[in-house]
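# Per-entry structural report
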Amino acid sequence: MLPRSFLFEINMFFSPLLLFTSVDKTAKRRDTVVHLILSSPFTVNKHKPWIETSYHGVITENMDTVLLDPPLVALDKDAPVPYAGEICSFKIFGQDAPFEAVVLNRTSGEGVLRASSHVDCESQKEYTFIIQAYDCGAGPGGANWKKSHKAVVHIQVDDVNEFSPVFRESLYKASVTEGKIYDSILQVEAWDQDCSPQYSQICNYEIVTGGTPFAIDRNGNIRNTERLSYEKQQSYRIMVSAFDCGQKKAKEDVAIHIEVKPVCKPGWQGWNKRVDYEPGTGSKQLFPKMHLETCGGPLSGVKAMVELQTNHIGKGCDRETYSEKSLQKLCGAASGSTDLLPAPSPATNWTASLLTDSGRESDLIYRFDGRQAANVPDHVVPQNLTDQFTVATWMKHGPSPGLRAEKETILCNSDKTEMNRHHYSLYVHNCRLVFLLRRDFTQIDTFRPAEFHWKLEQICDKEWHYYVINVEFPAVTLFVDGVTYEPYLVTDDWPIHSSKIDTQLTVGACWQGGEVATPRFTQYFHGSLSGLTIRPGRIETQKVISCLQACKEGLDINSLESLAKDIKFHFNPAQSVLVVEGEDVDSINTAMTKVSYINSRQFPTPGLRRLHISTSVQCFGEDTCVSIPDIKAVVMVLPPSEPRITISGSKQLVRPASVLRSPLGVAPFKELRITSTVMKIRRPGVMEVMHNLDYCDVLVIGDELEPERESLEIQHSALLGKHLDATNSTSGISIYGVDSMAHYEQVLRQLRYRNWRPASLTERRFRLTCSELNGRYTSNEFNLEISVLHHTAPMEHVNHMAAQSQYMRPVHHPLMIHTPNSHMSAPPAATVVIVVCIAALVIIVVIGIYRIHATHQEGSRDEEDEIKDPESDWEGSGLNITVNPMEVTENVSKECEEEDEDDDVELVGGMTIVESDSSDEDEEEGNKGRQEVNGRKQKGKPEWDSSCGTY
């Protein structure tokens, strides 16, 4: 038996249970057994479940399990009572919380929290919601369930490094100034879509491009590791990558373009160091994109000087390289000048021993080194120098060695023997040019101006200059490169007493023929000379002097009208220096883009021309002005297309001796033609061009001309209206002067060869050559031969078988042709043939007389045929032919065959000759009269042929 108190306690403890007792009747002792029966209808749910008040959990994104702290466990005091002491569920209260709580063990109350849908840290990093636990109620049906208090749950979403860094810009650009070290040139920035600091932060940047003078720090700042140079490299392109803190690399690198800017240095920009110039293109701009950079400094004025340096080209610049005579003729100088330094030749051999400076594009330059000089022959020396004359020369001279230099004589006229008097001379002494002129003694024995001194920089600057001394005694004027200079010192001296002592003219030194044991040269010249001439009786005009020394290349300005009004500019006389001034920088820039180079020569000297530009600026106030450095450039003149001069025409003439004896002789070059072609270098192809010639020489091949019996000459009227002149000798004739090829053709066609005693002459041969630019371009050698036909002396004979017409002009000196068979008698059968042939010859004579008459009536000839051709008279002369009858029978058929073989052979006066100059293709329109006569001649030819047809 249990005590009552125990039963009460049990009853109190198991209040929700039904208590009943039973007595074991089989037991010897009567014990009371207490049975605890759980019965739902009778269970009482007295207590609520219990959970923690707050939970903290962590979930990794893209997963579903949540790790809670503390673990999710619910307790109920009703346990172990079924249902009432069990936990049936957890409920979550929160808006859109993607979680669910699941009971793992109802009895123990353990549960788990898990994601009900995809959890993305990038979308939401943490969640906060309410959770409650529910017991199972009072029975299986869950009635009378109780819930726990509300607990707060904080869930943090752990990030996964699923994204790579991405740069915010697709391209970064920056510019730096050369020569500086930068702490940061620019900053690149990348970002990561991951949500956590570990994976969303960029922990490192890296330059992928190797070998660059740049570095980058972890914050993306790029700096240069060395000083950059604009001249070395103007820009850099580098690639940069980024890494997040999880060391995940960016999928795409970013490009960074860094431009290196030159240090803002005041100066000219946008110009090329070399400008190519193609001959014949006219004026070409030198600096089309040039501008002045002032780095923002305010300027009140700019002055720029452009200098074209051509001292190494020819005689100081690109000039025409024609001979001195040709240039004087071209410039309109008066004739009569004497060239004291001509090219060496058999006729001008006194310059053969002098040193020449080669490679000057046919410029004839003599170099004197203090040991060479030349005596000018007496027949060349100008005589009778009056009060007016001119001395001119090109000279290049430098400072003389030594403290007190000796005189350096350019030209000297002194006593040849006995005495040592200088009559006139031109010399250099201590960089002073001195002209000495000692006049002859007259009735007035007084002091006269004798020495004229000039002190100029040009005399010793080692550059080419053109010196002209005009003497109008007692005044003497010096021109240097076309600029007038008066003497700074004039000294007087006594005149020279006249004597019978001959004088000697020398070049390069002075001849000392007297007062010394051995005559010798003294006062040698050191330098270069060219074109030394003296012209007695006249002085040269300013216009001619400017023409003779004019440069064919220089600077120019295009579109003057487009320049601003404040721009001022001026050239030096040679146009080798241009000065441009202005107040506005933009106006100066515009003006400088108009500066051009021009070379007017058809065949310029190729090579470099140097350019030098110096600039000075003025600033407002007293501020320090910027300094503009000088710039240097070159103009490259490209080689011109070289012409090929070709002379063509008939190379063999056959003329009877009577034509050579006639007053006009024969025109050997009547069919001459001169052409010139060039092979284009940059545009392949051959084309004909027109240009000038400067001389054509006709040389005699074989024995020289004998003046007492023959001549080669040209009428002076043929040279009128042209820039041409001619000189002849026993070796031939030379036509010179700068003129067109057409004018040379006209003059050469009118050249005449005469021989008034040609009995012993069988042929004469000539060679023609022409030149452009003093031999720089020469033609082919055109050889021509004149063959002379001879015959026996004429005999008086009257032909009674052919009656003279009343319109036929009688000729009383017929020509008889003798052959070796003339002593044979003619057979009777040939009588008829003789009569027919003689009749045909008479008809031809009549036609010839009529042609001469018609020619005199029409009289229409062009310029080249103003002088009547003697061959035409000879061809058309009325000759009464007496033929040996014995000759005709044997040769008549032979003559007919020869006539058929060559259409150019004509029977005139009983003999055959080659009619080589009967027409001129270039003068068809001016020779209508001749064409009509030729037509009549051809019309009469069938009658001649009919006489031979049956024999």
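Refer to the structure printed above.
In this report, the structure presented in the accompanying data block is examined. As the structure is a computational prediction, the values presented were derived from the model and not from experiment. (Residues numbered from 1 in each chain as written. Predicted model: local features only at pLDDT ≥ 70, side-chain atom pairs only at ≥ 80, totals over all residues. Heavy atoms only, no water.)

Of regular secondary structure, the protein chain possesses 12 helices and 62 strands. For the protein chain, the proportion of its 951 residues judged to be buried stands at 45%. With the model as given, the accessible surface of the protein chain reaches about 49,900 Å², and the carbon-plus-sulfur share is 51%. (Helix = DSSP H or I, 4+ residues; strand = E, 2+ residues; numbered from the N terminus. Buried < 20%, exposed > 50% of the residue type's maximum accessible area, 1.4 Å probe, protein only. Areas by Shrake-Rupley, 256 points an atom, 1.4 Å probe, with all protein chains shown as cover.)

This paragraph deals with unusual backbone geometry. That bond from Asp69 to Pro70 is cis: its omega, -5°, falls within 30 degrees of zero. Phe473 connects to Pro474 through a cis peptide bond whose omega is 10°. Position of Pro474 relative to the elements: it lies in the loop between strand 33 (464-472) and strand 34 (475-480). For Lys462, which is not a glycine, the phi torsion comes out positive at approximately 60°.

What follows concerns helix 5 (residues 585-593). Helical geometry: 3.6 residues make up each α-helical turn, so side chains three or four residues apart lie on a common side. The buried count for helix 5 comes to seven of nine residues, which makes it a mostly enclosed element. Considered for burial, the residues of helix 5 that qualify are Val585, Ser587, Ile588, Asn589, Ala591, Met592 and Thr593. Between the side-chain oxygen of the N-cap and the backbone nitrogen of Asp586 there are 3.2 Å, and the N-cap of helix 5 in question is Asp584. (Polar contact = N/O pair within 3.5 Å; in protein donor to acceptor, adjacent residues only side chain to side chain.)

Inspection of every chain in the model, using the stated rule, returns 17 salt bridges. Arg709 is the partner of Glu706 in a salt bridge, and the nearest nitrogen-oxygen pair spans 3.7 Å. Overall, the relative accessible area of 32% leaves Glu706 in the partly exposed class. Counted as one network, the salt bridges with shared partners bring together Asp318, Glu553, Arg601 and Arg609. (Salt bridge = Lys/Arg side-chain N within 4 Å of Asp/Glu carboxyl O.)

Moving on, we get to the nonpolar core. In globular proteins that are soluble, nonpolar side chains generally tend to be buried together. With 53 residues, the main nonpolar core has Phe669, Ile674, Val698, Leu748, Tyr753, Phe766 and Leu768 as its most contacted residues. Viewed by domain, this core spans two of them, domain 4 (324-549) and domain 5 (645-789), each represented by three or more residues. Contacts of Ile674, omitting those with residues within four sequence positions, involve Ile645, Thr646, Ile647, Leu693, Met741, Tyr744, Glu745, Leu748 and Cys770. Of all hydrophobic cores here, the second largest spans 39 residues; its members include Phe389, Ile410, Leu411 and Phe525. (Core = buried A, V, L, I, M, F, W, Y, C linked by side-chain atoms within 4.5 Å. Domains from an automatic or database assignment. Contact = heavy atoms within 4.5 Å.)

Further remarks concern the pairing of strand 26 (residues 366-369). A one-sided burial pattern is seen for strand 26, the buried positions being Tyr366 and Phe368 and the unburied ones Arg367 and Asp369. Two elements, strand 25 (residues 355-356) and strand 26, share two bridges in a ladder whose sense is antiparallel. Paired with Leu355 across the bridge in strand 26 is Arg367. The pairing of strand 26 with strand 40 (residues 526-536) spans four bridges and is classified as antiparallel. Looking across to strand 40, one finds that Asp369 is bridged to His526. (Pairing = 2+ DSSP bridges.)

With that out of the way, let us pick up the side chain of His423. Locating His423 in the fold gives a position in strand 30 (residues 422-429). Overall, His423 belongs to the buried group, its relative accessible area being 12%. Beyond its immediate chain neighbours, meaning those up to four positions away, His423 contacts Asn413, Ser414, Asp415, Leu436, Leu437, Arg438, Ile496 and Thr503.

We now examine the side chain of Asn224. Along the chain, Asn224 turns up in strand 16 (residues 221-224). Among the residues examined, Asn224 registers a relative accessible area of 1% and is labelled buried. A polar contact of 2.8 Å, which involves the side chain of Asn224, links it to the backbone nitrogen of Tyr182. Looking at Asn224, its side chain comes within polar contact range of the main-chain oxygen of Glu226, at 2.9 Å. Residues within four places of Asn224 in sequence aside, it is in contact with Lys180, Ile181, Tyr182, Ile185, Pro213 and Phe214.

Attention now moves to the environment of His691. Structurally, the position occupied by His691 is in the loop between strand 50 (686-688) and strand 51 (692-701). Distance in space between the C-alpha atoms of His691 and Phe603 is 9.7 Å, their sequence separation being 88 residues. Ignoring sequence-local partners within four residues, the contact set of His691 consists of Gln602, Phe603, Pro643, Ile645, Ser676, Ser740, Met741 and Glu772. At 2.7 Å, the side chain of His691 forms a polar contact with the side chain of Ser676.

Next up on the list: the sheet that holds strand 23 (residues 299-309). An order of 20-46-45-23-43-42 is seen for the six strands of this open sheet, with the pairing classed as mixed. With partners counted over all chains shown, the strands left at the sheet margins are strand 20 (274-277) and strand 42 (568-571), one partner each. Strand-to-strand twist across the sheet, computed as the mean angle between neighbouring axes with direction ignored, equals 20°. Sheet topology places strand 23 next to strand 45 (residues 607-619); 10 bridges connect them, and they run antiparallel. Across the sheet, the residue bridging to Leu308 is Leu611, located in strand 45. (Axes fitted to C-alpha atoms, helices over the stretch in contact; angles between N-to-C directions.)

Moving on to the state of the cysteines. Counting across every chain of the model gives nine disulfides. Here Cys121 engages in a disulfide with Cys195; their sulfurs sit 1.5 Å apart. Across the S-S bond linking Cys121 and Cys195, the dihedral sits near 105°, which makes this disulfide right-handed. With Cys121 in the loop between strand 7 (110-115) and strand 8 (126-135) and Cys195 in the loop between strand 13 (190-191) and helix 2 (197-200), this pair connects stretches of sequence that are 74 residues apart. Like Cys121, the residue Cys195 is buried in the burial classification. (Disulfide = S-S within 2.5 Å.)

Turning our eyes to something else, we now look at the packing of aromatic side chains. One pass over the structure, following the stated rule, counts 15 aromatic pairs. The rings of Phe99, Tyr127 and Phe129 are connected pair by pair, giving a single aromatic cluster. The ring of Tyr134 is capped by Lys91, whose NZ or CZ atom sits 4.7 Å from the centre of that ring. Over the aromatic face of Trp394 sits the side chain of Lys315, whose NZ or CZ is 5.3 Å from the ring centroid. (Phe/Tyr/Trp six-rings, centres within 6.5 Å; stacked < 30°, edge-to-face > 60°. Lys NZ or Arg CZ within 6 Å of the ring centre and 35° of its normal.)

Reading across the sheet, the three strands line up as 21-44-41 and stay open at both edges, with antiparallel pairing between neighbours. Strands with a single pairing partner mark the edges of an open sheet, and in this sheet they are strand 21 (283-285) and strand 41 (553-557). Neighbour-to-neighbour, the strand axes of the sheet open up by a mean angle of 35°, direction not taken into account.

Among the residues of helix 7 (residues 741-749), Met741, Tyr744, Glu745, Val747, Leu748 and Arg749 are the ones counted as buried. Residues of helix 7 that are buried sit in contact with strand 49 (673-679), strand 51, strand 54 (732-740) and strand 56 (763-772).

This part takes up the environment of Gly139. Checked against the element boundaries, Gly139 lands in the loop between strand 8 and strand 9 (151-158). Separated by 58 residues in the primary sequence, Gly139 and Val81 place their C-alpha atoms 10.0 Å from one another.

You can see Asp159 is positioned in the loop between strand 9 and strand 10 (166-167). The exposure class assigned to Asp159 is buried, which follows from its relative accessible area of 12%. When the C-alpha positions of Asp159 and Gln198 are compared, they lie 8.5 Å apart, and in sequence the two are 39 residues distant. Those residues within four positions of Asp159 in sequence are excluded, and the remaining contacts are Glu61, Cys121, Glu122, Asp194, Cys195, Ser196 and Tyr199. A distance of 3.1 Å separates the side chain of Asp159 from the backbone nitrogen of Cys195, its partner in a polar contact. A polar side-chain atom of Asp159 sits 2.7 Å from a polar atom in the side chain of Ser196.

In summary, the side chains of a regular strand alternate between the two faces of the sheet. Along strand 37 (residues 503-507), four of the five residues are buried, which leaves the element largely enclosed by surrounding structure. In this sheet, strand 37 lies alongside strand 27 (residues 374-376) in antiparallel orientation, the contact comprising three bridges. Paired with Ala374 across the strands is Val507, a residue of strand 37. When strand 29 (residues 408-415) meets strand 37, the two strands line up antiparallel, connected through five bridges. By the bridge assignment for strand 37, Cys412 is matched with Thr506.

Limitation: the analysis is restricted to geometry and does not speak to function.
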